[in-house]
Amino acid sequence: MASTESPQTIRGSFPDDFTFGVATSSWQIEGSSATRAESIWDRFAKIPGAIVDGSSADPACDHLNRVEEDVDLIGQLGVGAYRFSVSWPRFMPGGTGAASRSGAGFYDRLIDLLLERGIQPLLTAYHWDLPQSLQESGGWLHPDMPHWFADYCQALGERYGDRVSHIATLNEPWVSAFLGYAAGIHAPGVVNAGQALEVAYRLMVASGHGVSALRNAGVGNPGIVLNLTTVRSEDPGAEKARDHIDRLQNTLFTDLLAGRGVSDAVRRSTDILTDWSFVTDEGVEAAATPISWLGVNYYTPIRVALPRESDQTAGVGQDTVVYPACPPASLQPRGPLTTMGWEVDPKGLRDTLVETAAALPGLPLWVTENGAAYADRVLDGDVYDPDRISYLSGHLAAAAEAIDEGVPLQGYCAWSLMDNLEWAEGRTQTFGLVHVDPETMQRIPKASFHFYADIAKGER
Ligand code: IFM
């Protein structure tokens, strides 16, 4: 593992106007599911075995009842931005139509608490918790979904656009499409690779309509968040698999954003799954609606190797099944690994940012998520997490290097403010800068919290 730099050195390697932030999402922290409509994750969590430890949406971090305490923690962290998501089934319980007074009011309160402390709210409209009622109408496979999503974005923009300048439409559409519809390990738990490709496309079309709706409602800076990553291979013979994975992970999304549509290479490498007849000129045009910024979520590179006789168990989500129609290959992360089984490779962040800036020249970028899960322990009331500190230090140095190389990077959000519900991994994976006791909900800032606070607050 790379050596840890001092907070002062790290702060000094970024421009003065760079924003340090911290991120969460609604389903992972809010709890209080009885006060909103059902989401696809509530339904999925009821399937025996779908969530490894049987966790459900409650209590998560009980954030709904502890919002002041949590915003105080963000204030103590000294960051300039807080990235959170709105729960669609809380804000607009019917999926379409009227906003809920109490649901919308909760986010009013959160935003106002942040602004009182001088913290910029970065809002994500959709971080995977689709209203179950919309799923039952066809979900992301329904051709009207982009319009339903645009109406939801319009309502968000009208409600919060006076106080929130940066709103992302979607978080990680790759995950919604490929983990939700190809591997079936995320909600809604479908295993149909052709549908996964259609969902990926429809999400990008919906995002474009959402961007237009946000701008109409007066939001100055609409954007989107993608999980992009560099795809590496050193095994001669694994190049075809490497290229296939790069197409489905990265270029499918960046090409649609750039107005290049669905490339012939993507179509050829997936022609056994779909004929892409759902793609329309209007959809391609909508998906390319100009955005003001792009969020990049980066955790780990993808290392592609030839198939092995006895494959070691790869990390969470690291299986070629999540890249349908992939030529024979295996994913072989190298140590050091986090408890997710994800390779720690700060240079991968630098490479991902440089590659993204080349794919979408001139577009301002943010790192909207970056962080690591480790098995933390509370000892005498403290949590000492040197591996997470080292991870943050290395990745921040890599982000600064990308800026030096000309990448227009404006901000960085650590994932995550606090230990939370890690989707199908339940509470077994902890990414937080703040430990949350699963029984008492007590919050304990970890050593990494203090380290990151020194960077965020640091004088140059
Ligand atoms: O916890 C998730 C988050 O919701 C989306 N990006 C990846 C994180 C870690 O898996």
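See the structure printed just above.
Residues numbered from 1 in each chain as written. Predicted model: local features only at pLDDT ≥ 70, side-chain atom pairs only at ≥ 80, totals over all residues. Heavy atoms only, no water.

Draft legend 1. Broad picture of the site of the ligand. In the neighbourhood of the ligand, the contacting residues comprise Q28, H127, W128, N171, E172, Y299, W342, E369, W415, E422, W423 and F431. In the complex, the protein chains occlude 95% of the 280 Å² of accessible area that the ligand would expose alone. The residue makeup of the shell around the ligand, split by class, is six nonpolar, three polar and three charged. (Near = heavy atom within 4 Å. Areas by Shrake-Rupley, 256 points an atom, 1.4 Å probe, with all protein chains shown as cover. Nonpolar A, V, L, I, M, F, W, Y, C, P; charged D, E, K, R; others polar.)

Draft legend 2. Highlighting the sheet that holds strand 6 (residues 231-232). Strand order in the open sheet formed by three strands is 6-8-9, with mixed pairing between adjacent strands. Unpaired on one side and paired on the other, strand 6 and strand 9 (330-331) mark the two borders of the sheet. Where strand 8 (residues 302-305) lies against strand 9, two bridges are found, and the strand directions are antiparallel. The residue bridging A305 from the neighbouring strand is S330, located in strand 9. (Pairing = 2+ DSSP bridges. Helix = DSSP H or I, 4+ residues; strand = E, 2+ residues; numbered from the N terminus.)

Draft legend 3. Quick look at the sheet that holds strand 4 (residues 166-171). Around the barrel, eight strands lie side by side as 1-2-3-4-5-7-10-13; this closed barrel has parallel pairing. Across the sheet, the axes of successive neighbouring strands diverge by a mean angle of 25 degrees, strand direction being ignored. The pairing of strand 10 (residues 365-369) with strand 13 (residues 409-415) spans three bridges and is classified as parallel. Looking at strand 13, one finds that W366 is bridged to G411. Helix-sheet contacts for helix 6 (residues 101-116) involve strand 2 (81-85) and strand 3 (120-126), and the interaxial angle to strand 2 is about 170 degrees. (Axes fitted to C-alpha atoms, helices over the stretch in contact; angles between N-to-C directions. Contact = heavy atoms within 4.5 Å.)

Draft legend 4. Up close: the packing of aromatic side chains. Per the counting criterion, the structure on display carries 29 aromatic pairs. Considering the side-chain rings of F14 and F20, the 5.2 Å spacing of their centres and the 80 degrees angle between planes classify their relative orientation as edge-to-face. Accessibility assignment for this pair places F14 and F20 in one class, buried. With 6.3 Å between their ring centres and 55 degrees between their planes, Y412 and Y452 make a pair best called tilted. Of the two residues, Y412 is situated in strand 13 and Y452 in helix 16 (residues 447-457); the sequence distance between them amounts to 40 residues. Here Y452 falls in the buried class, since its relative accessible area comes to 0%. Through a chain of ring-to-ring contacts, three or more aromatic side chains come together here, namely W88, F91, Y126, W140, F149, Y152 and Y160. (Phe/Tyr/Trp six-rings, centres within 6.5 Å; stacked < 30°, edge-to-face > 60°. Buried < 20%, exposed > 50% of the residue type's maximum accessible area, 1.4 Å probe, protein only.)

Draft legend 5. Focus on the pattern of salt bridges. Summed over all chains, the structure comprises 33 salt bridges. Here D243 ties to R242 by a salt bridge, and the two come within 3.2 Å at their closest N and O atoms. Residue class for R242 comes out partly exposed when judged on its relative accessible area of 23%. A salt bridge links R388 to D385, with the shortest nitrogen-to-oxygen separation between them at 2.7 Å. Judged by relative accessible area, which is 2%, D385 ranks as buried. What emerges from the salt-bridge pattern is a single network uniting R232, D345, K347, R350, D351, E401 and E405. (Salt bridge = Lys/Arg side-chain N within 4 Å of Asp/Glu carboxyl O.)

Read these as layout, nothing more, since geometry by itself doesn't imply function.
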